[in-house]
Amino acid sequence: DGGAGRVAVRSIANGEYKAYVYSAYILTMLRETYGNEFYQRLFGLMRRHASTIATSKDQDAALIACMSAASGEDLRSLFRDRHNFTIDDRAFELVMAEIVTQETAAPTP
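Predicted model only: the values in this text are computed from it and were never measured. (Residues numbered from 1 in each chain as written. Predicted model: local features only at pLDDT ≥ 70, side-chain atom pairs only at ≥ 80, totals over all residues. Heavy atoms only, no water.)

1. Concerning the packing of aromatic side chains
No. 1: All chains considered together, the criterion is met by five aromatic pairs.
No. 2: Centre to centre, the rings of Tyr-39 and Phe-43 are 5.9 Å apart; their planes meet at 25 degrees, and the pair counts as stacked. Here Tyr-39 pairs with Phe-43, and both are found in helix α2 (residues 37-48), just four residues apart, close to one helical turn.
No. 3: Residue Tyr-39 is classed as partly exposed on the basis of its relative accessible area, which comes to 24%.
No. 4: Here the aromatic cluster, defined as three or more aromatic residues joined through ring pairs, consists of Tyr-34, Phe-38, Tyr-39 and Phe-43. (Phe/Tyr/Trp six-rings, centres within 6.5 Å; stacked < 30°, edge-to-face > 60°. Helix = DSSP H or I, 4+ residues; strand = E, 2+ residues; numbered from the N terminus. Buried < 20%, exposed > 50% of the residue type's maximum accessible area, 1.4 Å probe, protein only.)

2. Brief notes about helix α4 (residues 59-71)
No. 1: Under the 1.5 Å per step criterion, the end-to-end length of α4 is 18 Å for 13 residues, consistent within 8% with the ideal 18 Å.
No. 2: Taken together, the buried positions of α4 are occupied by Ala-61, Ala-62, Ile-64, Ala-65, Cys-66, Met-67, Ser-68, Ala-70 and Ser-71.
No. 3: In this structure Asp-58 caps α4, since a side-chain oxygen of it lies 3.1 Å from the backbone nitrogen of Asp-60.
No. 4: Directly beyond the C-terminal end of α4, a positive phi value near 85 degrees is found at Gly-72. (Expected span 1.5 Å × (residues − 1). Polar contact = N/O pair within 3.5 Å; in protein donor to acceptor, adjacent residues only side chain to side chain.)

3. Let's talk about the packing of α2 against α4
No. 1: For the pair α2 and α4, the least separation of the axes is 8 Å and the interaxial angle reads 135 degrees. If you check the angle between α2 and α4, you find them oblique. In this structure, α2 crosses over α4, and the sense of that crossing is right-handed. On α4, the residues touching Phe-38, Arg-41, Leu-42, Leu-45 and Met-46 of α2 are Leu-63, Cys-66, Met-67, Ala-69, Ala-70 and Ser-71.
No. 2: When its residues are assigned to classes, the contact of α2 with α4 shows nine nonpolar, one polar and one charged. (Axes fitted to C-alpha atoms, helices over the stretch in contact; angles between N-to-C directions. Parallel < 35°, antiparallel > 145°, perpendicular 65-115°, else oblique. Left-handed = near helix turned anticlockwise from the far one by under 90°. Contact = heavy atoms within 4.5 Å. Nonpolar A, V, L, I, M, F, W, Y, C, P; charged D, E, K, R; others polar.)

4. Looking at the environment of Ala-97
No. 1: Structurally, Ala-97 is set in helix α6 (residues 89-105).
No. 2: It is 9.3 Å that separates the C-alpha atoms of Ala-97 and Ala-65, two residues lying 32 residues apart in sequence.

5. Description of the side chain of His-83
No. 1: Among the secondary structure elements, His-83 is positioned in the loop between α5 (76-82) and α6.
No. 2: With residues near it in sequence (within four places) discarded, His-83 still touches Tyr-22, Tyr-25, Ile-26, Met-29 and Leu-78.

6. Description of the pattern of salt bridges
No. 1: Here the structure, examined in full by the defined rule, presents six salt bridges.
No. 2: Salt-bridge contacts for Arg-76 lead to Asp-74; the nearest nitrogen and oxygen are separated by 2.6 Å.
No. 3: Across the pair Arg-80 and Asp-89 runs a salt bridge whose closest N-O atoms are separated by 2.6 Å.
No. 4: A network of salt bridges, in which partner residues are shared, links Asp-74, Arg-76, Arg-80, Asp-89 and Glu-93. (Salt bridge = Lys/Arg side-chain N within 4 Å of Asp/Glu carboxyl O.)

7. Some points on the confidence of the model for the chain
No. 1: Of all residues in the chain, 83% have pLDDT values of 70 or greater, and the mean over the chain is 86.
No. 2: Confidence, read as mean pLDDT per element, is least for helix α1 (residues 2-34) in the chain (75) and greatest for α4 (96). (pLDDT = per-residue confidence, 0-100.)

8. Considerations on unusual backbone geometry
Backbone geometry follows two general trends: most residues other than glycine have a negative phi, and most peptide bonds adopt the trans configuration.
No. 1: For Asn-84, which is not glycine, the phi dihedral falls at a positive 60 degrees.
No. 2: Asn-84 sits in the exposed class, given a relative accessible area of 66%.

Laid out in structure tokens, this is it:
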């Protein structure tokens, strides 16, 4: 039935849309809290550590580590308490350790 297929596609697309809107909300909230430079720091970190993020066993934790480094604060409790994320602390710590080691050894704008 073509109708059922369209409903399933629309439902998936609606779920993805909601995820994008929620992500935009979180990034906007962080920018308002940490300033416009937060975006520059975040996307620079994401670019420089893309392979580590991609291979992390918890990509949410890896991205939260980047956001934490960009903000200068550990944001895990914000994501756990306010946004109900489940975060693998070990994955977070591995990415954070790499960021701290590489960014302090050879800072890049």
